[in-house]
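Spelled out, the chains give:
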Amino acid sequence: MEWLKRLFGRDVREGNNRDLPEDGLETAQERRRRWRSVYVIYFTMFQMSLGFSIVLTGVWPYLDMLQPGTKKDMLGVAVGASPLGQLMLSPLLGLWANRAGVRAPLSATLGLFALASALYSQLHLTRPYAVSCMIAARFLIGVSSSNVAVARAYLSAATREEERTRAVSAVSLAQVLGFVAGPALQAAAAPLGTSDSSGLRFDMYSAPGLLNAALGLINLLLLMPGCFHVSDIALREAVQARGERSEKEVLKSLKPDYVSSWMLVGAFFVLVFNFVLLETLASTLTMEQFGWGKAQALQYLGALMSAGALVACLVFAAIPPLTKLLEERALMLWGGFLPVVVASLLCIPWGPGAPPLADPGNAEAHGGCPQESQPWCAESRALSLAQFLLAYGCMSVGYPLGVTLIQTIFSKVLGPRPQGVWMGVLTGAGCLSRALGPVFVAGVYARRGPAAAFSATAALTLLALLALRAVYPRLRAAPPTHPTHPPPPAELQPLASKHHAEP
């Protein structure tokens, strides 16, 4: 587990603090306290991902139990309510964090998360309005999970520039682990069975909600002043590097690069959209192209997605050492975006031959391409299994590299200013991708087939890559300027500096 310790920075940041050079920005004790707070942010990001994914596989049977005969349209609404809430509130929560600090919005959203999760766990008490209450609970969970924008903003403020890539990689890994652990925990609750009690319940559907509520309360306690300390090390580092007298002067001298900032937001949208599209289409694509039945598709794709998640974790762990060998911008373009372009091209059916056609009225059981509802099936070429596996492998490598380095470079481009609103915009772009993915499937894939759908995403991703290459010189932190004022007198220098100057 040494690689995991190095990824989270523990062996450097805590264990060997006495051996690190002191530069007047913080003492060893302050450094330990700062990284303890960063670990709380890691846990918050893990918990938000877990809270979203732990109930996904149980939403439909839970709905059907609460109100038998519920249409599947309500499933889409219940699942989509969460990203919709996150999309609407992320920029506003970021603005709140900019003005009031991070503790208040994080605490408020975690309290809301615990309440919404408790409501989700006991929806039977809300009959005959259980379906509406489920949608409301999912929406409130999405609203509360918009605190990931605040968490990302705090991570940018509480880490030095040299620490940023490692910290963003670790927080991305925490999110992936949350997404992976969620369905596993829902499956672990299955032996509890169902309950018909008219009072409070603890069964396979209520247990995930109660676990979310408990974790939300634990996270809320971790944000108390005794454990969580707000740090602005990035701004103090900028003051020292630029030789300014005060933080206000640094903030006045820094102007955001709107071109590169919006370019990174757009690129983030494109990258997440590619991932969401492939995840959304995976089941349909394999059933129609390989003739798999529904049970086969779920079984095989479950194993494939687990392997993909493992590859993603390894990629996250490899990012910090890779950035020591290659420049971050180059790694983002050629290690992140290029494999995603290749993945889209590989999902275009090349043949030989045509895909198996489905038996009328029996597509789910035996798979195949339904020619009656999708006329393009008769003219399409077949997708080979090797193509699909290679495409999924490229996506499993390119996506984690790309999203991690986009967030890292985005943070550095913005500089040490409060980043709550900008991180809210970035988070909102990811939510919009998740919302538009199913719409794109219905509007393009169902009417035109996989060749049209994946040709469009390949072209869009290639365009994003070329756009980022065009602004390549601007995708970095602004270099320190020469001091505009003489250094402050010794009595005004930080206490830590004077202490370190003493023998």
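Every value quoted in this text rests on a predicted model; they were computed, and no experiment measured them. (Residues numbered from 1 in each chain as written. Predicted model: local features only at pLDDT ≥ 70, side-chain atom pairs only at ≥ 80, totals over all residues. Heavy atoms only, no water.)

Undergrad: Please set out the overall build of the chain residue by residue, giving values where relevant.
TA: Tallying secondary structure elements over the chain gives 20 helices and 0 strands in all. A total of 503 residues make up the chain; the buried ones form 51% of that total. For the chain, the share of sequence-separated contacts (at least 6 apart) that also reach a separation of at least 24 residues comes to 83%. Here the chain displays about 22,400 Å² of accessible surface, and carbon together with sulfur accounts for 66% of that area. (Helix = DSSP H or I, 4+ residues; strand = E, 2+ residues; numbered from the N terminus. Buried < 20%, exposed > 50% of the residue type's maximum accessible area, 1.4 Å probe, protein only. Contact = heavy atoms within 4.5 Å. Areas by Shrake-Rupley, 256 points an atom, 1.4 Å probe, with all protein chains shown as cover.)

Undergrad: Explain the nonpolar core to me, and be specific about the residues and the numbers.
TA: If you look at the biggest cluster of nonpolar residues, it comprises 72 residues, and the most contacted ones within it are L264, M332, F337 and F388. At the level of elements, α8 (147-157), α9 (161-188), α13 (258-290), α14 (294-325), α15 (328-346), α17 (385-414), α18 (420-448) and α19 (450-470) are the ones that each hand at least two residues to this core. At 17 residues, the largest contribution of residues to this core is made by α13. Dropping the residues within four chain positions of it, F337 is found in contact with A267, L271, M332, I406, T461, A464, L465 and L468. Counting residues in hydrophobic clusters, the runner-up holds 27 residues, among them V40, F113, V148 and L223. (Core = buried A, V, L, I, M, F, W, Y, C linked by side-chain atoms within 4.5 Å.)

Undergrad: Describe the state of the cysteines, with residues and values.
TA: Applying the stated criterion across every chain, the model contains 1 disulfide. This cysteine, C394, is not joined by any disulfide, and C347 carries the nearest cysteine sulfur, 9.4 Å off. (Disulfide = S-S within 2.5 Å.)

Undergrad: How would you sum up the confidence of the model for the chain? Please name residues and give values.
TA: Across the chain, pLDDT averages 80, with 84% of residues at or above 70. In this model residues 1-5 is a low-confidence stretch, pLDDT under 50, and it forms 4 contacts with partners more than four residues away in sequence or in other chains. Contacts of residues 481-503 to residues separated by more than four positions or lying in other chains number 25 contacts, the stretch itself having pLDDT below 50. (pLDDT = per-residue confidence, 0-100.)

Undergrad: Give a detailed account of unusual backbone geometry, specifying residues and quantitative values.
TA: Backbone torsion omega between R127 and P128 reads 10°, so that peptide bond is classified as cis. On the secondary structure map, P128 appears in the loop between α6 (103-121) and α7 (130-144).

Undergrad: So what about empty space enclosed by the protein? Which residues, and what values?
TA: Counted under the stated rule, the structure contains 3 cavities of 30 Å³ or more. Lining the largest cavity we find R152, L155, S156, V168, V171, Q407, S411 and M423. For the lining of the largest cavity, the secondary structure elements donating two or more residues are α8, α9 and α17. In terms of residues, the lining of the largest cavity owes the most to one element, α8, which gives 3 residues. Considering only residue class, the lining of the largest cavity consists of 4 nonpolar, 3 polar and 1 charged. (1 Å grid on protein atoms, 1.4 Å probe; cavity = no way out; pocket = protein on both sides within 12 Å on 5 of 7 lines; lining within 4 Å. Points joined across faces, edges and corners; volume = space filled by probe spheres on them. Nonpolar A, V, L, I, M, F, W, Y, C, P; charged D, E, K, R; others polar.)

Undergrad: Explain the packing of aromatic side chains to me, using residue names and the numbers behind them.
TA: How two aromatic rings sit relative to each other is given by the distance of their centres and the angle of their planes. The final tally for this structure, using the stated rule, is 15 aromatic pairs. Arranged with centres 6.0 Å apart and planes meeting at 70°, the rings of F410 and W422 form a pair that is edge-to-face. Note that F410 is positioned in helix α17 and W422 in helix α18, a separation of 12 residues in sequence. Grouping aromatic residues by their ring pairs yields a cluster made of F290, W292, Y300, F388 and Y392. Positioned above the aromatic ring of Y472, the side-chain terminus of R469 is 4.6 Å from the ring centre. (Phe/Tyr/Trp six-rings, centres within 6.5 Å; stacked < 30°, edge-to-face > 60°. Lys NZ or Arg CZ within 6 Å of the ring centre and 35° of its normal.)

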